[in-house]
Amino acid sequence: MRKLAWAARGMSVVSGAVLLGALMVPSAVADDGPGSTADPGSSMAAGKKCGARDVSSAAPDFVNFPSGVIFRVASDAQGNSFLNDSRNPGVWINLGTLANAPTCVIGTATSVTESNPGLLYITLLTQNGAQHQAVCTTNSTAFAPSNIVGACGSGFSPLPNTPVV
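Residues numbered from 1 in each chain as written. Predicted model: local features only at pLDDT ≥ 70, side-chain atom pairs only at ≥ 80, totals over all residues. Heavy atoms only, no water.

Participant: Would you mind going over the sheet that holds strand β8 (residues 131-137) with me for this structure?
Facilitator: As a general point, the strands of a sheet are linked pairwise by backbone hydrogen bonds and lie either parallel or antiparallel. If you walk across this open sheet you meet the 4 strands as β6-β7-β8-β9, and the pairing is antiparallel. This sheet does not close on itself; its edge strands, each paired only once, are β6 (105-112) and β9 (156-158). Each strand axis lies, on average, 25° off the axis of its neighbour in the sheet, ignoring direction. The pairing of β8 with β9 spans 3 bridges and is classified as antiparallel. (Pairing = 2+ DSSP bridges. Helix = DSSP H or I, 4+ residues; strand = E, 2+ residues; numbered from the N terminus. Axes fitted to C-alpha atoms, helices over the stretch in contact; angles between N-to-C directions.)

Participant: Could you clarify how one ought to interpret the state of the cysteines in this entry?
Facilitator: One covalent bond between the sulfur atoms of two cysteine residues makes up a disulfide. The final tally for this structure, using the stated rule, is 2 disulfides. Disulfide pairing places Cys-50 opposite Cys-104 at an S-S distance of 1.4 Å. Taken together, the positions of Cys-50 in the loop between β1 (30-31) and β2 (54-58) and Cys-104 in the loop between β5 (92-94) and β6 put the pair 54 residues apart, joining distant regions of the chain. Both residues of the pair, Cys-50 and Cys-104, count as buried. Between the sulfur of Cys-136 and that of Cys-152 lies a disulfide, 1.9 Å long from S to S. Taking the torsion about the sulfur-sulfur bond, which here is approximately 100°, the covalent link between Cys-136 and Cys-152 counts as right-handed. Of the two residues, Cys-136 sits in strand β8 while Cys-152 sits in the loop between α2 (148-151) and β9, which places them 16 residues apart along the sequence. By relative accessible area, Cys-136 is classed as buried at 0%. In the protein chain, the bonded cysteines, taken in the order they occur along the sequence, pair up as 1-2, 3-4. (Disulfide = S-S within 2.5 Å. Buried < 20%, exposed > 50% of the residue type's maximum accessible area, 1.4 Å probe, protein only.)

Participant: Just checking my understanding: could you explain the environment of Val-112 for this structure?
Facilitator: Within the secondary structure layout, Val-112 lies in strand β6. For the pair Val-112 and Ser-57, spaced 55 residues apart in the sequence, the C-alpha separation amounts to 9.4 Å. Leaving out residues up to four positions away in the same chain, Val-112 has contacts with Ala-58, Ala-59, Pro-60, Phe-71, Leu-119, Leu-120 and Thr-138. (Contact = heavy atoms within 4.5 Å.)

Participant: Quick question: what am I supposed to make of the nonpolar core here?
Facilitator: Most often, soluble globular proteins keep nonpolar side chains buried together rather than apart. Of all hydrophobic cores here, the largest spans 22 residues; its most connected members are Phe-71, Leu-83, Leu-120, Ile-122 and Phe-143. For this core, the secondary structure elements donating two or more residues are β3 (71-75), β6, β7 (119-126), β8 and α2. Of the residues forming this core, the biggest block, 3 residues, is contributed by β7. Each residue touching Ile-122, except ones within four places of it in the same chain, is listed here: Val-73, Leu-83, Leu-95, Ala-109, His-132, Gln-133, Ala-134, Cys-136 and Phe-156. (Core = buried A, V, L, I, M, F, W, Y, C linked by side-chain atoms within 4.5 Å.)

Here's what the structure looks like:
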């Protein structure tokens, strides 16, 4: 009987470790390839945390645009930032692929203009308090890793008169 109790405890520990490992693994659909917004020369390369996780969203509400579309921007604990277009479910685009993408992102803000085509404003706050903004053109085509660079033109630009500390 003692052997069975020991085996049950062992299985519980193994199951907990497997579950913890599954929760710690980043999403397989996030495009976190080259161009990661975490600075490879920093301590982030060793897997250390950069700051807090954050998420923001914006929904266009104008005629001639599909209803129910939501744009989401999120940052992870390593300082990477990602964009999701609800028309492309489950796909999170690494914003580090855009020119001049900031590193060590700890905050996000998102808004969209009500025109056709609309403009999606993505503002990222870095750990040192600097803010960077990209302006992307929205249309009937969902954002994807293959079209994000073209839609966001010159990529990110620092907003003047920051950091905010």
